[in-house]
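Chain by chain, the residues run as shown.
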Amino acid sequence: MSHKKVTMDLKEQKKIKRYFSLIFFLLIVGLAMWYVDFNFIELAKSIPVFLGFIFTDFLPPNFSDVKKYVGPVLDTIFVAVIATCVSSFLAMILAIFMASNTTPHPVFRIVCRGIVSFLRSIPFLLWAALLVVVFGVGVLPGLLGLILYGTAFLARVYAESVEEIGSECTEAIEAVGATYVHQLKHAIIPQFIPSFFSWTLFMFEINLRGSAILGIVGAGGIGSLIKGTMDLFQYSKTSTVIMILITMILVVEYITTRIRERII
Amino acid sequence: MSTILKIINLTKRYNDETLALEGINLEVSRGEFISVIGPSGAGKSTLLRCINRLIEPTSGEVIFLGQHVEKANKAELRKIRAQIGMIFQHYNLVPRLSVLENVLHGRLGYMSSIKGLFSLYSEEEKEEAIEWLRKVGLEKEIFKRADELSGGQKQRVGICRAMMQKPKLILADEPIASLDPKSAEVVMETIYHNCIELGIACLVNLHQVEIAKKYSTRIIGIKSGKLVFDDTPDKLTDEMSRFIYEGKESEMYQHQ
Amino acid sequence: MAVSQHSVKGSRREKISIGHKRTQRQQRIFFFSVLILFIFSIVMIDIDGSAIAKGMERLPVILASLTQISFEHFLEMLAGMVTTVVIAFLAVLFSFVISFFLAFLVANNTTPNRYLGLGLRYAVMIIRSVPTPIWVLIAVASIGFGPMAGIIGLMFPTSSFLIKAFSAQIEEEGTEVIEAIRSVGGTWIHVVFKGLLPTILTGMIATLGVRFEIDVHESVVLGMVGAGGIGYLLQSYIQYYDFANLTLGILIVFVTMFLLELSLNRIRALLRTQSS
C-alpha cells in the first residue's frame, strides 16, 4: 500500500512540476511580447503587407542590368572560396591544439578554446563592419570577417571530430615508438579526412551565403547590389539579383551534396 | 638464457585508490612464450601496458634489456618501444589506410619525425612488409583498405606490424578475444610459430586456460592485481585455475 | 631474407606505392581542385595592395582604441541585447507553431498528398537559400524599422529550417507506427499526436535549441540592417568611430552568446537523461 502511495505522490509531483513549467514558459512569452510591444493584430496585418510587397514590388524581375551583376557575383564566389580555404587551414592547426587527444599541452587547449569561442560568438557581419573602418570599402574587410568567423567555427567542429577518433589508432602508433608528429600524420589525419571534407564543404555553403550579404555593410559582392538596388527602390532589379543568388546557392548545395556522397 | 625483461615490485594505482597491480615480480628470458591468464579486470591488460608505459606505473621497476623503462626520457622511451611489438584485442589498425601502410607503421619507431611525416619508408622495408603479409597469407589483401578486412585478417595485419619492428619482445593483449574459434586458432598459431622461430620473447594475455596450456612455455596467473601462479603449463592444476578464476569461472572457457 | 632475391641493390627499380589507391586518388583530386580554385580566386579577386598597407598602418591605432571601454551606454546596450534575444525568441516560437504542422505535410510518411508535400519541400528549399539579412531588408522595406520587421524577417528562414529538420525527424520514424494507428481506424490527427509526437518531441526541442542559438546570432546582425536591438547600436558605434562603447557592446554580445550556449548545453544534457 505505502509503496503505491509513494508512486502516486511522485506522479502528482511531476504533474505539478509540469504545470509550473508551463506557467513559467507562458510568463516568459508574455514578458517577451510586452518588452517589444508585440501584438498579434500588428503581426496579422504585417504579414500580408510583407508578402504583398514581395509579389507586387519584386515581380516581375527586371533583367536589364544582368551584365553588370556578373562581376559582383563572381566576387562573391571568389571571396567564399578564399575564406573557406584560409580558415580551414588555420582551423586545422587550432583544432589540433584544441582537441583533448592531440593537444601538445593543456594550456594550449584552454587558450585556443577561449579565443575560438570569443571569435565564434561575434557575428561575422560585425567583424566585417569593423574591418571596413580599418581597410575601407571593398572585398578585403568582408573576406577577413568571413575568415575570422569561419576559422573559429571550423576549429570547433574539427576539434570535435578529432576528439571522436578512437584511442585505438593512436595507441598502436604510440606503442611502436612513434613521435607526436607520426601520430598526427598516420593515425589522426587519415581518420579525420571524411569529417574534414564534410565540414569544409558545409563551411563553403555558409561562406557563400555570408559572402552574399557582406555588401550590406559595404564589403562588396552581391550584397552591395541588393542593398544598392533597394536603396534606389528598384525592387524589380533586386529580385533579379536575389534569383541569381538563389540559383547560385542551390547549384553549390547540389554539388557539395554529390561530393559528400562520394567520400569514403 | 639471456634476460629480456625484468619486472620488480610493479604497482599501479588508479586515482590514488583502486589498486590494479600490486607488487608484481617477473623475469622473461629470450625465447619464452608466456601466457598471462586471469579473469577480466584482474590487471592483465594494465600489466602489459605498464611494460611499454602506455600506462604509467605508480611504483616499481621495469628493466628491458638492462635499461630502466620507468626512468627513460622521451627519446629513450621511443627506442625501447620500437623494440617491443604490441598486438591488441581490437587490432588497432588505422581503418582508412591500406593494409601495407598499417604494417609499415611498425617502422615508425626507428624513423625521425620528418621521415615519418612524409612516409619515407625504404624500398627494403616495403618489400619486407609485403613478405610478412605473404607469410601470414594476406597476399591478396596488401593494397586493400584495413576496414575492408575481417577480424582475423585484421589481427594478422597487427601481427605483421609488430614483426616489422624486429622486436625483442612482443606484448599481445587478448589477441583472440574478439575472434571466432577458427580465426583465433590461425592467429595464435601465427604468433606462436613466428615468435619461436625468431626467438622473440612473448607475453600473451588470455582468458581461456585451454589455449594458454596449448601454446605456452610458461603460464602466469593474475588475480586481483597479484601474481598468484608462475610455472610451466603442466603444473597448472584444475584447482589452481579455479582459484585464479574464483567467482568468474565461466570466463575460463568462454569465447567472448 | 628472401626479399633480396628480387631487389637488386643499386639498380633503379620501381618504387612501391603503399597507399589505398581509391582513397588516395579521391583525396588528391579533392585537394588539387581546391588548390586550383583557390589560386584562380586569388588571381581574379580585386584586392588593393595599398588598402592592405594602409589598413595595417591603421590597425594598431584601432586595436588600441578597442582596449578602451566605456560604461556610459551600458543600460541602453543591455536593453538592446534583451530586445535582440526577444526578437529571436518570438521568431523561433511562431516559426515552431507554423513549421510543426507544415513538417507533417512535408514528411514522406505523413503527407496527406504527395504533390502538396513535394511543392512545400521545394518552397522551403528556395526560402532557405536566401540569407536571413535579405529577408529582413525586405521586411524593413515593406513594414518599416523595428522589432516586427526583425521577427517577420527571421520567421521565413527559421520556419524553413525547422520544417526541413522536423520532417527529416518524422521520416526517421518510418511507417510502422502510422500503419498501426491507421489500421485501428485512427485519423491523421491521431497519427500525428498519439503516434509520432511522443517519440519525436525531444528531438524537436533539441532542434529548437540549435535554431534559437543561430537566431540570436542572426538577430544581432539584423539590428545592423534596421531591425532594432543591440545590432543597431553596434552599427552606429562603428559608423561614428565610437570604439569605447563598441568594445563594451562586443563584450555584451560575447557574454550573452556564452551564457546561452551554456544553458542550452545544460538543457540538452537534461533532455538526454530524460529520454534515456
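Located above this text is the structure these notes cover.
Because the structure is a prediction, the values reported are computed rather than measured.

Draft legend 1. Main features of the environment of Lys213(B). Within the secondary structure, Lys213(B) is located in helix H8 (residues 209-215). One polar contact links the side chain of Lys213(B) to the main-chain carbonyl oxygen of Leu236(B), over a distance of 3.3 Å.

Draft legend 2. Quick peek at the pattern of salt bridges. Evaluation of the coordinates by the stated rule reveals 29 salt bridges over all chains. We note a salt bridge from Glu174(A) to Arg81(B), for which the minimum N-O separation is 3.7 Å. One end of the pair, Glu174(A), is in helix H7 (residues 167-175); the other, Arg81(B), is in helix H2 (residues 74-82), on a second chain. Note on Arg81(B): relative accessible area 7%, which makes it buried. Through salt bridges with shared partners, one network takes in Arg120(A), Arg156(A), Glu160(A) and Glu261(C).

Draft legend 3. Molecular detail of the packing of aromatic side chains. In total, this model carries 31 aromatic pairs over all chains according to the counting rule given. Between Phe50(A) and Trp135(C) the ring centres are 6.3 Å apart and the planes differ by 45°, which places this aromatic pair in the tilted class. Pair noted here: Phe50(A) is in helix H2 (residues 40-58) and Trp135(C) is in helix H5 (residues 132-143), and the two residues belong to different chains. Pair check on accessibility: Phe50(A) and Trp135(C) agree, each one buried. Plain terms: the ring middles of Phe153(A) and Trp199(A) are 6.3 Å apart, the flat faces sit at 70° to each other, and that makes the pair edge-to-face. Highlighted residues: Phe153(A) in helix H6 (residues 139-164) and Trp199(A) in helix H8 (residues 180-213), separated in sequence by 46 residues. Residue classification places Trp199(A) among the partly exposed positions, given a relative accessible area of 28%. Each member of the aromatic cluster is reached from another via a ring pair, and the members are Tyr158(A), Phe192(A), Phe196(A), Phe197(A), Phe30(C) and Phe31(C).

Draft legend 4. Spatial organisation of the sheet that holds strand E9 (residues 218-223) of chain B. Residues and elements named next belong to chain B. The mixed open sheet is built from six strands, whose spatial order is E6-E7-E8-E3-E9-E10. What marks the edges here is a single partner per strand, and that holds for strand E6 (84-87) and strand E10 (226-231). Between one strand axis and the next, the sheet turns by 15° as a mean value, whatever way the strands run. Pairing geometry for strand E3 (residues 33-37) and strand E8 (residues 201-206), over five bridges, is parallel. Its bridge partner being in E8, Phe33 is matched across the sheet by Cys202. Helix H6 (residues 151-164) contacts E6 and strand E7 (169-173) of the sheet and is inclined by roughly 175° relative to E6.

Draft legend 5. Expanded view of the interface of chain A and chain C. Contacts between the two partners involve 66 residues from chain A and, on the opposite side, 68 residues from chain C. For the pairing of chain A and chain C, the buried interface totals around 6100 Å² over both sides, and the portion due to carbon and sulfur atoms is 84%. Connecting chain A to chain C are three salt bridges. Among the ionic pairs, Glu261(C) bridges to Arg120(A), the shortest N-O distance being 2.9 Å. Our enumeration of links across chain A and chain C arrives at six residue pairs in polar contact (both at pLDDT 80 or more). With eleven residues, the top contributor of residues to the side of chain A that touches chain C is H2(A). A class-by-class count of the residues in the side of chain A that touches chain C yields 55 nonpolar, four polar and seven charged.

Draft legend 6. Region of interest: the environment of Leu148(A). All names here are of chain A. By the element assignment, Leu148 lies in helix H6. Separated by 28 residues in the primary sequence, Leu148 and Arg120 place their C-alpha atoms 8.2 Å from one another. Discounting chain neighbours no more than four positions away, the residues touching Leu148 are Leu119, Trp127 and Leu131.

Draft legend 7. Local environment of the interface of chain A and chain B. Residue-level contacts link 21 residues of chain A with 30 residues of chain B. At the surface where chain A touches chain B, the tally comes to twelve residue pairs in polar contact (both at pLDDT 80 or more). Mapped by element, the contributors of at least two residues to the side of chain A that touches chain B are H7 and H8 of chain A. Examining the composition of the side of chain A that touches chain B, we find that nine residues originate from one element, H8(A), more than from any other. Taken together, the residues of the side of chain A that touches chain B break down into twelve nonpolar, five polar and four charged.

Draft legend 8. Here's a closer look at the sheet that holds strand E1 (residues 3-14) of chain B. Residues and elements named next belong to chain B. Read across the open sheet, the four strands follow the order E2-E1-E4-E5; overall the sheet is antiparallel. Both outer strands of the open sheet, strand E2 (18-29) and strand E5 (67-68), are each paired with one neighbouring strand and no more. Note that E1 and E2 share eight bridges and pair antiparallel. Paired with Leu10 across the strands is Ile24, a residue of E2. Sheet strands in contact with helix H1 (residues 44-51) are E1, E2 and strand E4 (59-64), and its direction is about 120° off that of E1.

What counts and how
Residues numbered from 1 in each chain as written. Chains lettered and ligands numbered in written order. Predicted model: local features only at pLDDT ≥ 70, side-chain atom pairs only at ≥ 80, totals over all residues. Heavy atoms only, no water. Helix = DSSP H or I, 4+ residues; strand = E, 2+ residues; numbered from the N terminus. Polar contact = N/O pair within 3.5 Å; in protein donor to acceptor, adjacent residues only side chain to side chain. Salt bridge = Lys/Arg side-chain N within 4 Å of Asp/Glu carboxyl O. Buried < 20%, exposed > 50% of the residue type's maximum accessible area, 1.4 Å probe, protein only. Phe/Tyr/Trp six-rings, centres within 6.5 Å; stacked < 30°, edge-to-face > 60°. Pairing = 2+ DSSP bridges. Axes fitted to C-alpha atoms, helices over the stretch in contact; angles between N-to-C directions. Contact = heavy atoms within 4.5 Å. Buried area = accessible area lost by both parts, 1.4 Å probe. Nonpolar A, V, L, I, M, F, W, Y, C, P; charged D, E, K, R; others polar.

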